[in-house]
Amino acid sequence: MGPEVKQLEETLSAFVNVKHCITVSSGTDALLIALMALKIGVGDEVITTPFTFIATAEVIALLGATPVFVDVDPNTANLDVLKVEDAITDRTKAIIPVSLYGQCCDMDHLNAIAKAHNLPVIEDAAQSFGATYKGRRSCSLSEVGCTSFFPSKPLGCYGDGGAIFTNDDSMAQTMREIRVHGQSKRYVHDQIGIGGRMDTLQCAIVLAKFPRFVEEIEMRQAIARRYDSGLASLSNRLKRIEILPENKSVYGQYTVKTDDRENVVEALSAAGVPTAIHYPVPLNEQSAYQHYAHGNTPNSSELSKQVISLPMSADLRLEDQDYIISTLQEVLS
Ligand SMILES: *Cc1c(COP(=O)(O)O)cnc(C)c1O
């Protein structure tokens, strides 16, 4: 908890335009601490998407609560907000949308549904730090925003780190205490907490990288536009993830959909181009989570067979990107 911790928290809360930033040990612990502060536990239900990284649902299950999986929109791969209301029951205690691939879901609509049922919305913004929705930053769009500084995320440290954002003073205080073992004063523990601090060293690394971050976001967006236009001629075989007009994605991933994934992955790999699948199995089809599955989520299942993420980084060289695009054109045209 050296001076860089507070410095980073002040820098990021100003950037996001939210009153409180609490740095924590990872994006996973950010979500866990937020749910703990909301006193979510056994018997409670939390609505989320099955088409995400495991951490989103894991923290719900760890607290003894039940993840309730609502299907995604096939065009954006984000939570289908229209389907959320049907999943709300007397036991629902929170909603966790994921801003997948760097794009927020329709947060105003989701917030309105949540408000009508008096439910908090926790944005899993692990892939979307820096993104905007209607001009407002990801992590400022609901009660709580949680992000990650894992190296593969848009703003990475050199190990594990994360942050929680909220405008709620009392919740911020609770989350700060949970971060250090539920300690309100030295050796006074009024609630159960975790060892959830972010290292001063990792905070210093994010602080050092931060001055270039806005420029890096613009570089990522320029690279995404180059992919969009370079791959446009393949649009019947390689479909883009749709970016809603109110959104500016940070392209945590540049992900496309194809029914020919196996061939595409193989051809790119043979050409020396690495790819990744985000994600090959929806969470409600994972063996550890199957008992939580209620009803099916066909869009998530279909996307899990179609998606492929192409190399994306602010520093991807244009000649490397041209090579990736021409390799894809050879395989698919
Ligand atoms: C990476 C990620 C997390 C977890 O973040 P860590 O810092 O790795 O713990 C949670 N949710 C999503 C959607 C992620 O991509």
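Residues numbered from 1 in each chain as written. Predicted model: local features only at pLDDT ≥ 70, side-chain atom pairs only at ≥ 80, totals over all residues. Heavy atoms only, no water.

Chemist: What's the story with the pairing of strand 2 (residues 45-48) in this structure? I'm lost.
Modeler: Side-chain positions along a regular strand alternate between the two faces of the sheet. Along strand 2, one buried face is formed by Glu-45 and Ile-47 and the opposite face, lined by Val-46 and Thr-48, is buried too. Bridge analysis of strand 2 against strand 4 (residues 92-96) gives 4 bridges, and the strand direction is parallel. Looking at strand 4, one finds that Glu-45 is bridged to Thr-92. (Buried < 20%, exposed > 50% of the residue type's maximum accessible area, 1.4 Å probe, protein only. Helix = DSSP H or I, 4+ residues; strand = E, 2+ residues; numbered from the N terminus. Pairing = 2+ DSSP bridges.)

Chemist: Looking at this structure, I do not really get the pairing of strand 14 (residues 254-257). What am I missing?
Modeler: Residues Tyr-254 and Val-256 point to one face of strand 14 and Thr-255 and Lys-257 to the other, with burial holding for every one of them. Pairing of strand 12 (residues 239-240) with strand 14, which is carried by 2 bridges, proceeds in the antiparallel orientation. When the sheet's bridge partners are listed, Lys-239 is paired in strand 14 with Lys-257. Relative to strand 15 (residues 307-310), strand 14 runs antiparallel, the two being bridged by 4 bridges. Opposite Tyr-254, over in strand 15, you have Leu-310 as the bridge partner.

Chemist: What should I look at first to understand the pattern of salt bridges in this one?
Modeler: Pairs can form between side chains of opposite charge once their charged atoms are near each other. On inspection of all chains with the given rule, the structure shows 15 salt bridges. Put simply, Lys-134 and Asp-108 hold a salt bridge, and the shortest N to O gap is 2.9 Å. Separated by 26 residues along the polypeptide, Lys-134 in the loop between strand 6 (132-133) and strand 7 (136-137) and Asp-108 in helix 5 (residues 107-116) bring together distant segments of the chain. For Asp-108, a relative accessible area of 29% gives the class partly exposed. As a salt-bridge pair, Asp-260 and Arg-237 come within 2.8 Å of each other at their nearest N and O atoms. With Asp-260 in the loop between strand 14 and helix 9 (261-270) and Arg-237 in the loop between helix 8 (213-230) and strand 12, this pair connects stretches of sequence that are 23 residues apart. Under the relative-accessibility criterion, Arg-237 is labelled partly exposed at 35%. (Salt bridge = Lys/Arg side-chain N within 4 Å of Asp/Glu carboxyl O.)

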